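Observations on chain architecture
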Amino acid sequence: MSPSKLIYHITNCMRLLGLRLCEHDSNFSYFDGEQVFYHKSERTYQTKHHAFNDLNEWKNEIKNVFNVDYNDLNEIAIIVDPWRYNLPIDNEHFFPSVSYNQYIDAPCTVQRVNHHYAHALSTWMINDNQPDVEIIIDGFGDKDISWSIFKHGKLIEEGSHKDHGSIGTEMCVAGRWLGVEAEWGIDIAGKVMGLQAYGNFDKGYYDILKQYSIKEILQVFNLDNWYAYKNSQLIGNLTPLDWINTVHYTIGDILLDFFSKYADTNDHIVYSGGVAQNVIWNSKLRNSFPNIVIPPHCADDGLSLGALEFLRQKHNLPKFNINNFPYVQSDISPVSNPTPQTIKTIAKLLAEGKTIGWYQGHGEVGPRALGNRSILMDPRLKDGKNIINNIKNRETYRPFGASILAENVEEYFEDFKDDPYMLYVGKFKEGKQLASIAHKDDTCRIQTVKQDTGSFRLLLEEFYKLTGCPILLNTSLNLAGKPIAGHPNNVYELFKNSTLDCFVIGDDYAVK
């Protein structure tokens, strides 16, 4: 057998599984010998941040979703929060992996992979180049680690949640002090990102905070520093939004300094972890590091994909194939695609000010709606934010993202580069602000939609023909506190229980 045929034969004999089984956001990635399949359990159970209570429930899940028996697996890589399952936590500091067969009932080798290393490995489907450095920042990974630096597969340095503080954790603590509410604490940081824009930047306080580094995050968020600066706790408490605005701005500069310590301007950087969902800091970083790569699954959604890549590298297999990324959820896809006539009809409804629930193909990986699981609206409507907030029951201070035809982005936004994953903000050009998507700071989180990218692109084009506007407000197809729709029944329920005007599932649609 020739070497090339031997590699093909070995690859097609391997059935590999990546598992993320932690306190929240369970997800699975399965390689069947030819391609990769992905599933996030919250889309099935319609419980936001769903996690399993039993360490072995994954066996039924992969049978139901991927139609694979766990006895047929050749190897498993897992990222796990052992405290959730009453497992020992005395071996939390390891790299890159440790055996976990003593805790997982499986007929094959089970490796527990370092949490942050799985983040670093999870960008394989959008990475054509070998990264120079991988930077991971979140609330915390395994036990006490709040950030990690990897270079060429080696762990270079780590940050301690206890000793240095955690940006992700402190953003949540700050949000609670500001009165931000969320059923899950991990959702608070994203809300604070929107809320801070309503405060005023305090240059004097910034001059105090800029002395700190990423190893002094606890000091950056320390309210006693703010009270001392204001000479009074009472006065300090009168301007909380000024405090968080200045702190938030400072963290952006701290991240720039941190990245500069490990990377040069033109280095190829992988950046992941929950903190990489902050589109304002991301935009500041990309201005200084143009070759930064952030996956749409930078939060824990992507951990099973990284676990699978760990196994690929371990066995020296060819690069994986994952079809139609990022629309890779193993959820229920419509049986049809929208015809040109349906697209024209829906574009006309949008031009008339109707709100549209748009359900096509398979769902996106990650928390952003990218045109397959979206609620859409004309962004020019002056009361559009209130209309969408009434549908989704969201806080009024939170901004909405938008999708724009890629060739028109320079007409509306200043110096914005391409971004198909809605991970950066663009600043509106003077006079180009659109009421429903312009945030308090004149920015908008943007998805650029290129040609030949499916029915969503065709809908944008048709809307542009009718209105002269190449942009649609695009928010996720769910209600506040619920996961993005993973089944047509979820769309019917949303339509029934909200003021949404119309839904489209494949080529079928209904209008109130």
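Here's the deal with the overall build of the protein chain
Assigned secondary structure in the protein chain consists of 19 helices and 20 strands. A compact globule built from 512 residues should have a C-alpha radius of gyration of about 24 Å, and the protein chain, at 23 Å, falls within 12% of that. Overall, the C-alpha framework of the protein chain stretches about 65 × 65 × 40 Å when taken along its three principal axes. Going through the 512 residues of the protein chain one by one, you find that 58% of them count as buried. Long-range pairs, those at least 24 residues apart, make up 68% of the contacts in the protein chain with a sequence separation of at least 6. Of the roughly 20,900 Å² of accessible surface on the protein chain, a fraction of 47% belongs to carbon and sulfur atoms.

Quick word on the sheet that holds strand β11 (residues 292-293)
Strand order in the open sheet made by the five strands is β9-β8-β7-β10-β11, with mixed pairing throughout. What marks the edges here is a single partner per strand, and that holds for β9 (154-160) and β11. For strand β10 (residues 269-272) and β11, the ladder comprises two bridges, and the chain directions are parallel. The residue bridging Ile269 from the neighbouring strand is Ile292, located in β11.

Description of helix α16 (residues 384-392)
If you check which residues of α16 are buried, you get Gly384, Lys385, Ile388, Asn389, Ile391 and Lys392. End-on view of α16: buried residues confined to an arc of 160°, all on one side of the axis. On its buried face, α16 is in contact with β13 (373-377) and β18 (471-476). Just past α16, the residue Asn393 takes up positive phi, approximately 60°.

Digging into the pattern of salt bridges
Inspection of the entire model under this criterion finds 26 salt bridges. Lys40 is the partner of Glu42 in a salt bridge, and the nearest nitrogen-oxygen pair spans 3.7 Å. Look at Glu42 and you get buried, because its relative accessible area is 7%. For Lys40, a relative accessible area of 4% corresponds to the buried category. Salt bridges sharing partners connect three or more residues here, namely Asp25, Lys40, Glu42, Arg43 and Asp301.

Looking at the packing of helix α12 (residues 240-262) against helix α13 (residues 279-288)
Two numbers describe how α12 lies on α13: the axes approach to 9 Å, and their chain directions differ by 35°. For the element pair α12 and α13, the recorded crossing hand is right-handed. Residues His248, Tyr249, Ile251, Gly252, Asp253, Leu255, Leu256 and Phe259 of α12 lie in contact with α13, whose contacting residues are Ile280, Trp281, Lys284, Leu285 and Ser288. When the residues that make up the contact of α12 with α13 are grouped by side-chain class, the tally is eight nonpolar, three polar and two charged.

Some words on the pairing of strand β2 (residues 27-31)
In terms of burial, β2 is a largely internal element, five of the five residues being buried. Across the two faces of β2 the burial is the same, with Asn27, Ser29 and Phe31 and Phe28 and Tyr30 all buried. Pairing analysis gives five bridges linking strand β1 (residues 16-21) to β2, with the strands arranged antiparallel. Looking at the pairing, Arg20 lines up with Asn27 of β2. One ladder, built from five bridges, connects β2 with strand β3 (residues 36-40); its direction is antiparallel.

Observations concerning the sheet that holds β1
The mixed open sheet is built from six strands, whose spatial order is β3-β2-β1-β4-β6-β5. Each having just a single partner strand, β3 and β5 (97-99) make up the two edges of the open sheet. For this sheet the average axis-to-axis angle between neighbouring strands, irrespective of direction, equals 20°. The sheet contact formed by β1 and strand β4 (residues 75-80) spans six bridges and is parallel.

Considerations on the packing of aromatic side chains
Throughout the structure, instances matching the rule amount to 27 aromatic pairs. Geometrically, the ring pair formed by Phe325 and Tyr421 is edge-to-face, given 6.1 Å between the ring centres and 75° between the ring planes. One end of the pair, Phe325, is in the loop between α14 (303-314) and α15 (340-351); the other, Tyr421, is in the loop between β15 (413-414) and β16 (425-428), and 96 residues separate them in sequence. The buried category is assigned to Phe325, whose relative accessible area is 17%. Tyr421 gets classed as buried once you look at its relative accessible area, which sits at 15%. One aromatic cluster is present, formed by Trp147, Phe258, Phe259, Tyr262, Tyr271 and Phe289 through successive ring pairs. Directly above the aromatic system of Tyr70 lies the positively charged group of Lys59, at a separation of 4.4 Å from the ring centroid. In this structure, Arg286 is placed above the aromatic ring of Tyr424, and the distance from its NZ or CZ to the ring centre is 3.7 Å.

Reading the values: rules and limits
Residues numbered from 1 in each chain as written. Predicted model: local features only at pLDDT ≥ 70, side-chain atom pairs only at ≥ 80, totals over all residues. Heavy atoms only, no water. Helix = DSSP H or I, 4+ residues; strand = E, 2+ residues; numbered from the N terminus. Rg over C-alpha atoms; globule rule 2.2 N^0.38 Å. Buried < 20%, exposed > 50% of the residue type's maximum accessible area, 1.4 Å probe, protein only. Contact = heavy atoms within 4.5 Å. Areas by Shrake-Rupley, 256 points an atom, 1.4 Å probe, with all protein chains shown as cover. Pairing = 2+ DSSP bridges. Arc of directions from axis to C-beta. Salt bridge = Lys/Arg side-chain N within 4 Å of Asp/Glu carboxyl O. Axes fitted to C-alpha atoms, helices over the stretch in contact; angles between N-to-C directions. Left-handed = near helix turned anticlockwise from the far one by under 90°. Nonpolar A, V, L, I, M, F, W, Y, C, P; charged D, E, K, R; others polar. Phe/Tyr/Trp six-rings, centres within 6.5 Å; stacked < 30°, edge-to-face > 60°. Lys NZ or Arg CZ within 6 Å of the ring centre and 35° of its normal.

Interpretation note: all reported values are geometric properties and have no functional meaning in isolation.
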